[in-house]
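# Notes for the structure review
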Amino acid sequence: MNEPTISQRKLLSIAGLGWLFDAMDVGMLSFLMAALQKDWNLTAGQVGWIGSVNSIGMAVGALVFGLLADRIGRKNVFIFTLLLFSLGSGLSALTTTLAAFLALRFLIGMGLGGELPVASTLVSEAVPAADRGRVVVLLESFWAGGWLLAALISYFVIPAYGWRTALWLAAIPALYAIYLRLRLPDSPRFAAAQKEETVWSNIVKVWSAPHRKETVMLWLLWFCVVFSYYGMFLWLPSVMVMKGFSLIKSFEYVLIMTLAQLPGYFSAAWLIERAGRKFVLVTYLLGTALSAYFFGTAESLVGLMASGIFLSFFNLGAWGALYAYTPEQYPTSIRATGAGMAAAFGRIGGIFGPLLVGSLVAQGVSVTAIFTLFCLSVLVAVLAVAVLGSETKQQELA
């Protein structure tokens, strides 16, 4: 039976809304960490574990579901992962202990980690080469919408109604997954591809001679970007509190910074088919590194806000280019496997980032030193792309 066709706009809106719900959950986590620290009297180290367990789940999910997507299809995995993290969010609202909350965050992370590379692979394979980069970056721009929604819920709901109510709201995407099942066709490339290879042979192929350079480049890039992103952004509200602002004020300021994500995405989407993937990645990652340094050293509110806004602008624009660039490195038969493995390795960085911040804060290390470390991490990602990366602008997928 042939899969139904779907317009580019409809595909983008369906996949994008799934992406938005992902972002809403991750975005709310940064605010929940600050709220749970007060509510449950958690130490900085315990708070760091909340972000890190989420990333452990994302690493497992990216690997497992990336492998599955090359066997059973992009659509089926996309829907299952969306259900997994949505239902997990609702159940975590019922928890009364940190251990139970962490266990559910692992399952939620699995859903999140699996959905992102699979959705970008699905969209990449369904869009013509001339539009592919722009459309995938626009898909990523839904992340900013999710973060904005998370910031609004956290600002208006958490202080007035508590963090449990916010988590109930995050469970709503479970209903949307049913709608997806009816509306979303699978990738036409996946439907036409031969599926004779085993999961293990696909893993071996990712590291075989024809793809080794691309794999090394992607793993370095993903690790450094995820390490710095989760280390910085999950701690943003808490860092604002450490710099002397109230919890409510820190939520307000982070909401303003989050608004800068949208122009970051849209500018990257405009540039990526004109200047190319490598140019956008290198330029936006350099902007991220500089912004991280200045955010860490800022003393005044104006300095914090300006550097925070630029941090959001450049970092999320770079993320858009990363998701457009990653699936283009592999042929259809191993595309989801390669993208999932790179994302899984990157999520290991997401485990260490929040944990490291919690540990350094507990030891009395300054915010300046912590953000300088993230600045250096992003510069390693720049080198990986500049030295090992090849331009894939408007190339047909294999």
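Residues numbered from 1 in each chain as written. Predicted model: local features only at pLDDT ≥ 70, side-chain atom pairs only at ≥ 80, totals over all residues. Heavy atoms only, no water.

As a reminder, the rule being used: UniProt positions are given in the numbering used here, feature names are shortened, and annotations may be inferred rather than shown by experiment.
As annotated in an unreviewed UniProt entry, the protein chain carries the name Major facilitator transporter and is attributed to Geobacillus thermopakistaniensis. What UniProt records for the protein chain under Subcellular location (unreviewed entry) is the sentence "Cell membrane".

### Overview of the nonpolar core
Applied cut-off: What is meant by a nonpolar core is a set of buried Ala, Val, Leu, Ile, Met, Phe, Trp, Tyr and Cys residues, joined one to another through side-chain atoms within 4.5 Å. To sort residues, take the accessible area from a 1.4 Å probe on protein chains only and compare it with the maximum for the residue type: under 20% means buried, over 50% means exposed, and anything in between is partly exposed. The helix count covers DSSP runs of H or I at least four residues long, the strand count covers runs of E at least two residues long, and both are numbered beginning at the N terminus. Contact definition: two residues touch when any of their heavy atoms are within 4.5 Å.
Grouped together as the largest cluster of nonpolar side chains are 129 residues, with contacts concentrated most on Ile 50, Trp 143, Leu 221, Trp 222, Leu 285 and Trp 319. For this core, the element with the most residues is helix H1 (residues 8-39), which contributes 18 residues. Once you skip the residues sitting within four places of it in the chain, Trp 319 turns out to touch Glu 140, Trp 222, Val 225, Val 226, Tyr 229 and Arg 347. If you look at the next biggest cluster of nonpolar residues, it comprises six residues, including Phe 65, Ala 69, Val 118 and Ala 336.

### Describing the domain arrangement of the protein chain
The condition that has to hold: Each domain span listed reflects an automatic or database assignment of domains. Buried area: the accessible surface (1.4 Å probe) lost by two parts on joining, summed over both. Salt bridges are identified by distance alone: a Lys or Arg side-chain nitrogen within 4 Å of an Asp or Glu carboxyl oxygen. Classification convention: Asp, Glu, Lys, Arg as charged; Ala, Val, Leu, Ile, Met, Phe, Trp, Tyr, Cys, Pro as nonpolar; all other residues, Gly among them, as polar.
Assigned domains of the protein chain: these are domain 1 (1-184) and domain 2 (201-397). Domain 1 and domain 2 are separated by 18 Å when their C-alpha centres are compared. Between domain 1 and domain 2, the residue contacts involve 52 residues of the former and 58 residues of the latter. Summed over both partners, the interface of domain 1 with domain 2 buries about 4700 Å², with 73% contributed by carbon and sulfur atoms. Sorting the residues of domain 1 by area buried against domain 2 places Arg 132, Val 137 and Tyr 155 first, and these three jointly supply 12% of that buried surface. Counting the contacts that link domain 1 with domain 2 gives two salt bridges. Across the pair Glu 125 and Arg 335 runs a salt bridge whose closest N-O atoms are separated by 2.8 Å. It is helix H5 (residues 129-156) that contributes the most residues to the side of domain 1 that touches domain 2, 19 residues altogether. For the side of domain 1 that touches domain 2, the class distribution of residues is 31 nonpolar, 13 polar and eight charged.

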